[in-house]
Every structure is written in structure tokens, then in C-alpha cells.
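# Structural features, examined
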Amino acid sequence: MIAILRPALAVVGLLTLLLGLAVPLGFTGLAGTLFPTAAGGSLIERDGKVVGSALIGQDFTADRYFHPRPSATTAPDPEKPGSTIAAPYNAAASAASQAAPTSQALLEAVKERQAVLGGGAVPADAVTASGSGLDPHISPENAGRQVARVAAARGLPAAQVAALVERQTEGRELGLLGERRVNVLRLNLALDALR
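Residues numbered from 1 in each chain as written. Predicted model: local features only at pLDDT ≥ 70, side-chain atom pairs only at ≥ 80, totals over all residues. Heavy atoms only, no water.

## Topic: the overall build of the protein chain
Rules: Helix and strand assignments follow DSSP, with helices taken as H or I runs no shorter than four residues and strands as E runs no shorter than two, numbered in order from the N terminus. It is over C-alpha atoms that the radius of gyration is taken, and the globule rule equals 2.2 Å times the number of residues to the power 0.38.
Summing up its helical and strand segments, the protein chain has six helices and seven strands in all. Put simply, the protein chain runs from its N terminus to its C terminus through helices and strands in the order α-α-β-β-β-β-α-β-α-α-β-β-α. In summary, the protein chain has a C-alpha radius of gyration of 23 Å against a globular reference of 16 Å for 195 residues, an excess of more than 25%. Overall, the C-alpha framework of the protein chain stretches about 80 × 40 × 35 Å when taken along its three principal axes.

Right under this line is the structure:
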């Protein structure tokens, strides 16, 4: 019996070491060598302190900052066990709202957000959350709608703020994948650097 089990156990042990330890460590080392910033979490620093990641949005709400798209992330409600409360950009709870396009609650939320923005046509990313609820980017159109508010709150010329948005606008990946976008954290840090 032992003679039959010994080779099987040896193979399991060998494959566990190879596929469970050596290969993951090899890929981690390779990623750290070839893509050190991405492998390290794409952290953004200001004055030597980490202020966020380029991959995870933050909830800016002051008028002097560009606002991100809505976030659908939640956290447990401390007052009602089994319930949740809104917790924008909670990276520990990355998830979409799971509301279907025909959901009355989703339609009402979109209408409320649209009303806050002055009604009328608005970019979709200004009133809808991303699939993860953590998207760090907004569309250039969404940023453009916010230029007047940010410029007025900071006492800056709107043209200067609009030019900053244009400089911070990222193109498509490899020139053809995805859409043009603006990283809100990077844009707001560049805005702080103006004044």
C-alpha cells in the first residue's frame, strides 16, 4: 500500500512546490522587474507620502475638486445588522449595484444625480457607477462639465482649468483600445499644484 502511495504523494508534493510556490514567485518577480509601478499598486505620491492609487477612485466632494463618477460600493450598516450603507470607493467592497437597466431604484438614482447636475443631457459616467464601483477615471466630457464649478471655487480662469483637463486626458490604450479618459486623482493633484 505504501509503495503505491509514495509516488502519488511525491508527485503531489512536487507539483505543490512547483505550481503553488515557484511559479507564483517567478511571475511576481518578473512583474516587479518588467512593470514595477503596476506591480506595486500604481501608487501616487505627493511630498513623499502615498495619497492613493491610479487604479482606485477616491470620493472627492468639495466644489474645488473634480468629482469622480458615482460609486456603488457599500459597507455593513453598524445600526442595522444585515443591511448596508453607501460607502463610496470602498476598495474592500468592490462591486456593482447589481441593478438591472430596468430597475426603478437605478432609474430614480440616475434622475436624482442628473437633477443635481442641472438636468438635461449629461455624460453617462456622471450619473452611473462603474462595474467595480472603484473606477478612477471620468470621461473628458464629464470633466469638461465640471470646469466652470472648479474654476469658480478656486478663483482660476476657466480656460486655465480646461487646459489642465486637456493635458491630463489619457488616450486609448495602444491607440485603439478603450476610450479617452481622465484620472480624477491625478487631475486633482495637478489642480492643487496650480495653487
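## Some words on the packing of helix α5 (residues 158-168) against helix α6 (residues 184-194)
We apply this condition: An axis is simply a line fitted to the C-alpha atoms; with a helix, the fit covers only the stretch in contact. Between two such axes, the angle follows the N-to-C directions and lies from 0 to 180 degrees. We call two directions roughly parallel when the angle between them is under 35 degrees, roughly antiparallel when it is over 145, roughly perpendicular when it lies between 65 and 115, and oblique otherwise. If you view the pair so one helix is near and one far, a crossing is left-handed when the near helix is turned anticlockwise from the far one by less than a right angle, and right-handed when it is turned clockwise. The contact definition used throughout considers only heavy atoms, calling two residues in contact when any of these lie within 4.5 Å. Gly falls in the polar group here, along with every residue not listed as nonpolar (Ala, Val, Leu, Ile, Met, Phe, Trp, Tyr, Cys, Pro) or charged (Asp, Glu, Lys, Arg).
It is at 10 Å that the axes of α5 and α6 come closest, and there the two elements cross at 140 degrees. One element, α5, and the other, α6, form an angle in the oblique class. Read as a crossing pair, α5 and α6 show a hand that is right-handed. Every residue of α6 that contacts α5 at Gln160, Leu164, Val165 and Gln168 is listed here: Arg186, Leu187, Ala190, Leu191 and Leu194. A class-by-class count of the residues in the contact of α5 with α6 yields six nonpolar, two polar and one charged.

## Overview of the nonpolar core
Heads up, the condition is: What makes a nonpolar core is a set of buried Ala, Val, Leu, Ile, Met, Phe, Trp, Tyr and Cys residues whose side-chain atoms join them at distances within 4.5 Å. For every residue, the accessible area obtained with a 1.4 Å probe (protein chains only) is divided by the maximum for its type, and the residue is called buried under 20%, exposed over 50%, and partly exposed between those limits.
Ranked by size, the top nonpolar core spans 21 residues in total, and within it Phe66, Ala143, Val161, Val165, Val182, Leu187 and Leu191 carry the most contacts. Of all the secondary structure elements, the ones that give two or more residues to this core are α4 (140-154), α5 and α6. Dropping the residues within four chain positions of it, valine 161 is found in contact with Phe66, Val147, Val150, Ala151 and Leu156.

## Some words on the sheet that holds strand β5 (residues 137-138)
Where we set the bar: If DSSP finds at least two bridges between two strands, the strands pair.
Taking strand neighbours across the sheet as the criterion, the three strands line up as β5-β7-β6 in an open arrangement whose pairing is antiparallel. With one partner strand each, in any of the chains shown, β5 and β6 (169-170) form the two edges of the open sheet. Relative to strand β7 (residues 181-183), β5 runs antiparallel, the two sharing two bridges. The residue bridging isoleucine 138 from the neighbouring strand is valine 182, located in β7.

## Here's the deal with the environment of alanine 129
Structurally, the position occupied by alanine 129 is in the loop between α3 (104-116) and β5. Judged by relative accessible area, which is 27%, alanine 129 ranks as partly exposed. Each C-alpha atom, one on alanine 129 and one on alanine 95, is 9.9 Å from the other, the two residues being 34 residues apart in sequence. Once residues within four sequence positions are removed from consideration, alanine 129 is found in contact with Arg69, Pro70, Ser71, Ala72 and Arg113.

## Observations regarding the pattern of salt bridges
Two side chains that carry opposite charge are able to pair once their charged atoms sit near each other. Applied cut-off: For salt bridges, the criterion is a side-chain nitrogen of Lys or Arg within 4 Å of an Asp or Glu carboxyl oxygen.
Taken as a whole and judged by the stated rule, the model has eight salt bridges. Note that glutamate 179 and arginine 172 form a salt bridge whose closest N and O atoms lie 3.5 Å from each other. Residue glutamate 173 pairs with arginine 181 through a salt bridge whose shortest N-O separation is 2.5 Å. The class of glutamate 173 is partly exposed, set by a relative accessible area of 44%. In this structure, a network of salt bridges that share partners links the residues Glu170, Glu173, Arg181 and Arg186.

In short, the description is geometric, and any link to function would need to be established separately.
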